Amino acid sequence: ILQDNDQNAADQFYVACKTNDEDTKQQYHDYYFQYTLQDLKNHVYSILGEVDQLTMKAQSYDLETHPRVPVIVAHNNLVRDTFSMTQQLLEAMG
């Protein structure tokens, strides 16, 4: 987020990280929390949508020619469940 919007602030945050300046790091985290949270939510929502699309696509394949489809669908379900739990946690944060 910083690098995309304020390179100077990104550089200062990097220095704070490298020098273990916890107060400065916390100030950045506090100030940018809402933006970080929104970016994380957007990422989680996009993964959930993509997993649903890929699952539907996988389920359209013939099991005779694609016998690993159940493994793929099971993996996608695991990813969906994990990201759904993350989505709930993020929503609780704001």
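Could you give an account of the environment of Leu-37, with specific residues and numbers?
Structurally, Leu-37 is set in helix α3 (residues 22-59). When the C-alpha atoms of Leu-37 and Leu-54 are compared, they prove to be 26 Å apart, with 17 residues separating the residues in sequence. Sequence-distant contacts of Leu-37, that is, excluding residues within four places in its chain, are made with Leu-90, Met-93 and Gly-94.

Please set out the confidence of the model for the protein residue by residue, giving values where relevant.
As a note on interpretation, predicted positions should not be read in detail where pLDDT is low. Averaged over every residue, the pLDDT of the protein is 95; residues scoring 70 or more account for 100%. Within the protein, the element-level pLDDT minimum falls on helix α1 (residues 2-5), averaging 86, and the maximum on helix α4 (residues 69-93), averaging 97.

I'd love a proper account of the pattern of salt bridges, names of residues and values included.
Under the defined criterion, the tally for this structure stands at three salt bridges. In this structure, Lys-25 and Glu-22 form a salt bridge, with 3.1 Å as the shortest nitrogen-oxygen distance. Pair noted here: Lys-25 and Glu-22 are both in helix α3, with a separation of three residues, about one helical turn. On the accessibility criterion, Lys-25 (16% relative accessible area) is buried. Judged by relative accessible area, which is 46%, Glu-22 ranks as partly exposed. Between Asp-52 and Arg-80 there is a salt bridge, with its nearest N and O atoms 2.6 Å apart. Here Arg-80 lies in helix α4 and Asp-52 lies in helix α3, a separation of 28 residues in the sequence.

Rules of the game
Residues numbered from 1 in each chain as written. Predicted model: local features only at pLDDT ≥ 70, side-chain atom pairs only at ≥ 80, totals over all residues. Heavy atoms only, no water. Helix = DSSP H or I, 4+ residues; strand = E, 2+ residues; numbered from the N terminus. Contact = heavy atoms within 4.5 Å. pLDDT = per-residue confidence, 0-100. Salt bridge = Lys/Arg side-chain N within 4 Å of Asp/Glu carboxyl O. Buried < 20%, exposed > 50% of the residue type's maximum accessible area, 1.4 Å probe, protein only.

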